[in-house]
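Results of the structural survey
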Amino acid sequence: ERGDTEQAIADLERAAELVPHASEVQNHLGLAYASAGRQSEAVAAFRRAVELDPENASAHNNLANLLAAQGRPREGAERLREAVALRPDDVPLRLLEVRAWSSSGDFLTARSRLEEGLERLPQSGPLAHQLARLLAAAREEAAAVAAAEKWPTTPKTPGSATKARAWVLASAGG
């Protein structure tokens, strides 16, 4: 496997030489470097990918994840904020951003970003659930229950709002 990674790096480095303005090549090169444990080179490749194409949300995401893994979650959260601006309806990306803000200890920004997400995507159960969790952890029980009540139900999960409220109440009390 190590040889495969090194071969992929060599191939991607050649591709980067041939097509120096290809953001996706730089993004994939960053992934290969990260896989090989070459963290500083991975960060540089992801940064180049973003410079070449500021709308490359995948490169923003990959850079943010690597920065968070290096103990730089705030810097990673800023990158994810940029990625969310490019893909504002991408709920998993929004959740990654919120988790990055939470990891950095900035719960107010995490809350604000969740609330902004729910304004745009009011039917997002995952965003409502995460906001309820964040508020429950902060012991803001009334706000957590209000957030949980916004949890949409679906034909597949008709009791999800009830379960969410019960979870929030149990979390806030524990």
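This write-up is about the structure you can find in this document. Here, residues in each chain are numbered from 1, in the same order as that chain's written sequence. Owing to the predicted nature of the model, reporting of local features is limited to residues with pLDDT of at least 70; listing and counting of side-chain atom pairs is limited to 80 or more, with chain, interface and lining totals taken over all residues. Excluding hydrogens and water, the side-chain figures rest on all heavy atoms present in the structure.

With that settled, consider the nonpolar core. Put simply, a nonpolar core is a bunch of buried Ala, Val, Leu, Ile, Met, Phe, Trp, Tyr and Cys residues held in one set by side-chain atoms that sit within 4.5 Å of each other. Only protein chains enter the calculation, and the probe is 1.4 Å; a residue is then buried if its accessible area is under 20% of its type maximum, exposed if over 50%, and partly exposed in between. Grouped together as the largest cluster of nonpolar side chains are 26 residues, with contacts concentrated most on Leu 114, Leu 127 and Leu 131. Only DSSP runs of H or I with at least four residues qualify as helices, and only runs of E with at least two residues qualify as strands; both kinds are numbered from the N terminus onward. Of all elements in the fold, only α4 (57-69), α5 (73-86), α6 (91-103), α7 (107-120), α8 (125-137) and α9 (141-149) reach the threshold of two or more residues within this core. No other element matches the 7 residues that α8 contributes to this core. Those residues within four positions of Leu 114 in sequence are excluded, and the remaining contacts are Val 98, Leu 127, Gln 130, Leu 131 and Leu 134. Residues Ala 32, Val 43, Ala 45 and Leu 67 belong to the second largest nonpolar core, which totals 16 residues. In this description, contact between two residues means that some pair of their heavy atoms is separated by no more than 4.5 Å.

For the rest of this paragraph, the subject is the environment of Leu 29. Checked against the element boundaries, Leu 29 lands in helix α2 (residues 23-35). For Leu 29, a relative accessible area of 3% puts it in the buried group. For the pair Leu 29 and Ala 10, spaced 19 residues apart in the sequence, the C-alpha separation amounts to 9.2 Å. Every residue in contact with Leu 29, bar those within four places of it in the chain, is listed here: Ile 9, Leu 12, Glu 13, Ala 16, Ala 45 and Arg 48.

Here we come to the pattern of salt bridges. We define a salt bridge as a contact between a side-chain nitrogen of Lys or Arg and a carboxyl oxygen of Asp or Glu at a distance within 4 Å. Going through the model one piece at a time under the given rule, you end up with 15 salt bridges. In this structure, Glu 41 and Arg 38 form a salt bridge, with 2.7 Å as the shortest nitrogen-oxygen distance. We classify Glu 41 as partly exposed; its relative accessible area is 31%. Residue classification places Arg 38 among the partly exposed positions, given a relative accessible area of 23%. Of the charged contacts in the structure, one is a salt bridge between Arg 72 and Glu 75, with a shortest N-O distance of 3.1 Å.

Axes, fitted as lines to C-alpha atoms, cover a helix only where it is in contact. Angles between the N-to-C directions of the axes lie from 0 to 180 degrees. In contact at an axis separation of 8 Å, α2 and helix α3 (residues 39-52) are set at 165° when each is read in the N-to-C sense. Considering their axes alone, α2 and α3 lie roughly antiparallel with respect to each other. For the crossing formed where α2 meets α3, the hand is left-handed. Contacts between α2 and α3 pair Ser 23, Gln 26, Asn 27, Leu 29, Gly 30, Leu 31, Tyr 33 and Ala 34 from the former with Gln 39, Glu 41, Ala 42, Ala 45, Phe 46, Arg 48, Ala 49 and Leu 52 from the latter. For the contact of α2 with α3, the per-class residue count stands at 9 nonpolar, 5 polar and 2 charged. Oblique is the label for any angle not covered by the other classes, which are roughly parallel (under 35 degrees), roughly antiparallel (over 145) and roughly perpendicular (65 to 115). Two helices cross in a left-handed way if the nearer one is turned anticlockwise from the farther one by less than a right angle. They cross in a right-handed way if the turn is clockwise. Throughout, the ten residues Ala, Val, Leu, Ile, Met, Phe, Trp, Tyr, Cys and Pro are labelled nonpolar, Asp, Glu, Lys and Arg are labelled charged, and all others, Gly among them, are labelled polar.

What follows deals with the environment of Ala 77. With respect to the helices, strands and loops of the structure, Ala 77 is situated in helix α5. Each C-alpha atom of the pair Ala 77 and Thr 109 lies 9.9 Å from the other, and the pair is 32 residues apart in sequence.

Okay, α9 next. Residues of α9 that are buried include every one of Ala 144, Val 145, Ala 147 and Ala 148, and no others. The buried residues of α9 occupy an angular sector of 160° when projected down its axis, which confines them to one face. What the arc covers is the set of directions going from the helix axis to the C-beta atoms.

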